[in-house]
Amino acid sequence: MNRNNAQSLALRARDKARSLRNKIAGAAALVTASFYSAAAFAQASDVGAAITAEVTNAKDKVSGILVILAAIVGVLLLWAYVKKAR
């Protein structure tokens, strides 16, 4: 196609208009989704508190498990040291 052709110019303009329309629609959808998710989170503050409590409890449980694993590794190292000393 010739770039100076009127038909070519019309096709390029139509393609650019479609591209712009798609970008605007995508941006509008993103803004709408983020607005509704923020509004839902603000409205359900009890849910946010419940999630925070669960994460805090999970941190405590993981910390307890790590302490137990560290103790087991310490006992195994001590046992290996004593076994080597004999």
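Residues numbered from 1 in each chain as written. Predicted model: local features only at pLDDT ≥ 70, side-chain atom pairs only at ≥ 80, totals over all residues. Heavy atoms only, no water.

**Student:** An account of the overall build of the protein is needed here, citing residue identities and associated values.
**Tutor:** Looking only at helices and strands, one finds two helices and zero strands in the protein. Taken over 86 residues, the protein has a buried fraction of 2%. When the accessible surface of the protein is totalled, it reaches about 7800 Å², and 68% of it is carbon and sulfur. (Helix = DSSP H or I, 4+ residues; strand = E, 2+ residues; numbered from the N terminus. Buried < 20%, exposed > 50% of the residue type's maximum accessible area, 1.4 Å probe, protein only. Areas by Shrake-Rupley, 256 points an atom, 1.4 Å probe, with all protein chains shown as cover.)

**Student:** Give me a nonpolar patch on the surface: which residues, what numbers.
**Tutor:** Together, Val 62, Ile 65, Leu 66, Ile 68, Leu 69, Ile 72, Leu 76 and Trp 79 make up a nonpolar patch on the protein surface, roughly 830 Å² of accessible area in all. If you trace the backbone, Val 62 turns up in helix 2 (residues 45–85). The exposure class assigned to Val 62 is partly exposed, which follows from its relative accessible area of 47%. (Patch = residues over 30% accessible without salt bridge, like charges linked within 9 Å, V, L, I, M, F, W, Y side chains within 5 Å. Salt bridge = Lys/Arg side-chain N within 4 Å of Asp/Glu carboxyl O.)

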